[in-house]
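Per-entry structural report
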Amino acid sequence: MRRIFSGIQPTGHLHLGNYLGAIRNWVRLQDDFECLFCVVDLHAITVWQDPAELRANTRRIAAAMLAAGVDAGKHIVFVQSQVAAHAQLAWILNCVARLGWLNRMTQFKEKAGKHRENASVGLYAYPNLMAADILAYKATHVPVGEDQKQHLELTRDIAQKFNADYGVALFPLPEPLIFGPATRVMSLRDGKAKMSKSDASDYSRINMTDDADAIRRKIQKATSDPGMLPETPSGLEERPEAANLLGIYAALADETLEQTCGRFAGGMFSSFKRELADLAVARLGPITSEMRRLEADPAHLDAVLADGAGRARTVAEPVLREVFEVVGFLSAGHYRA
Ligand code: AMP
Ligand code: TRP
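As the structure is a computational prediction, the values presented were derived from the model and not from experiment.

**Observations regarding the side chain of glutamine 30**
Checked against the element boundaries, glutamine 30 lands in the loop between helix H1 (16-29) and strand S2 (34-39). A residue is classified by how much of its surface remains accessible, and glutamine 30, at 7% relative accessible area, is buried. In terms of polar contacts, glutamine 30 uses its side chain to reach the backbone carbonyl oxygen of valine 27, at 3.3 Å. If sequence neighbours within four positions are ignored, glutamine 30 has contacts with Cys35, Phe37, Gly69, Val70, Asp71, Lys74 and His75.

Okay, here's the thing in structure tokens:
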């Protein structure tokens, strides 16, 4: 059995990196795997979220998945907090993962910054909850962007230790699926920083909700360099902004970076940027308008998500029963997800 689990946090602004690095890949995996796609609101509250914004963002992420082509009838699209198994298994995994393992997590160090003592305990335990998301469904494959690789390795370590400690072969070791030409889309302002939901500058990212004018303006203003466009990808070394913009073009055009370089070889950024903007508007426009249509009917979205949560529970329930049994909890046979 090949089963996919992946998630996105309902925080900040959903952007082109989330689309190219995550959601678009999910859409392409639907034919080959049984899939669960989750809006991970329990992860979101590891840093402060305004409650009304959290609710709106949760629906917005769900709308983006559906608008991009995720099939919620054939697969499972749901919200993490609506399936209790995530938090329950996370607690058990908190007792399996070692402090030393979590101390190595670079995302915690980045997010906690200098104020480590002030970070929530949840932010520290975040990777254990992510492991629970994946393992509650015995998922075999996890499509993510480059930044999540370390968390996936930790998930494998936790699964392995659980299996070894209890002398069972309960959890499969999930494989990361990191693919596509845009596993790491960078900021439009700084080719060395990741495009991020939380960047203070809106010009750093293309939001999935941006209209055509905003997309064009941001691409025009994107940092580039004074050179001409190179003939081959080797000419992009030490040119992070140029590499990023050409990479975005290649990903949106669904072609290789070699092909994109060949197409624009020797050209200037001014004309390349116009073509990139046209392409971005053509690719994202239909998704954005479908998102708007879906968001205008929250009752329908909520119904789709409630149905997804119900089906997710039926997958998680037997796994949690097995886990409770192995750990030695009395309630194992009666467990309800
Ligand atoms: P997050 O925004 O942290 O909730 O990430 C949701 C998904 O998008 C994860 O699979 C990330 O790896 C992916 N992702 C986030 N930012 C980027 C980026 N700049 N480039 C490519 N993938 C990204
Ligand atoms: N940590 C992931 C991110 O920030 C989101 C996430 C939570 C996730 N649980 C997951 C991704 C399980 C894949 C599988 O991008």
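**Some words on the site of ligand 1**
The local shell around ligand 1 holds 18 residues, among which Gly145, Asp147, Val185, Met195 and Lys197 are the closest. Within the backbone of glutamine 9, a nitrogen or oxygen atom sits 3.2 Å from an oxygen atom of ligand 1. Take valine 185: an N or O atom from its main chain is 2.7 Å from a nitrogen atom of ligand 1. Taking 480 Å² as the accessible area of ligand 1 by itself, protein coverage stands at 93%. Broken down by element, the shell around ligand 1 gets its largest block of residues, 4 residues, from H1. A per-class count over the shell around ligand 1 returns 6 nonpolar, 8 polar and 4 charged.

**Focus: the pattern of salt bridges**
One pass over the structure, following the stated rule, counts 18 salt bridges. Taking the shortest distance from any N to any O, the salt bridge between arginine 263 and glutamate 255 comes out at 2.5 Å. Accessibility expressed as a relative area gives 48% for arginine 263, which makes it partly exposed. Overlapping salt bridges bring together Asp202, Arg205, Asp210 and Lys218 as one network.

**Details of the packing of aromatic side chains**
Tallied over the entire structure, the rule returns 13 aromatic pairs. Between phenylalanine 269 and phenylalanine 272, the aromatic rings sit 6.2 Å apart at their centres with planes inclined by 80°, giving edge-to-face as the arrangement. Remark: phenylalanine 272 and phenylalanine 269 occur in helix H12 (residues 269-295); sequence separation between them is 3 residues, near one turn of the helix. Both residues of the pair, phenylalanine 269 and phenylalanine 272, belong to the buried class. One aromatic cluster in this structure is built from Tyr249, Phe264, Phe269 and Phe272. Here the guanidinium or amino end of arginine 2 rests over the ring plane of phenylalanine 33, the centre of that ring lying 4.2 Å away. A cation over a ring is seen here: lysine 221 above tyrosine 203, with NZ or CZ 5.8 Å from the ring centre.

Procedures and definitions
Residues numbered from 1 in each chain as written. Chains lettered and ligands numbered in written order. Predicted model: local features only at pLDDT ≥ 70, side-chain atom pairs only at ≥ 80, totals over all residues. Heavy atoms only, no water. Helix = DSSP H or I, 4+ residues; strand = E, 2+ residues; numbered from the N terminus. Buried < 20%, exposed > 50% of the residue type's maximum accessible area, 1.4 Å probe, protein only. Polar contact = N/O pair within 3.5 Å; in protein donor to acceptor, adjacent residues only side chain to side chain. Contact = heavy atoms within 4.5 Å. Near = heavy atom within 4 Å. Areas by Shrake-Rupley, 256 points an atom, 1.4 Å probe, with all protein chains shown as cover. Nonpolar A, V, L, I, M, F, W, Y, C, P; charged D, E, K, R; others polar. Salt bridge = Lys/Arg side-chain N within 4 Å of Asp/Glu carboxyl O. Phe/Tyr/Trp six-rings, centres within 6.5 Å; stacked < 30°, edge-to-face > 60°. Lys NZ or Arg CZ within 6 Å of the ring centre and 35° of its normal.

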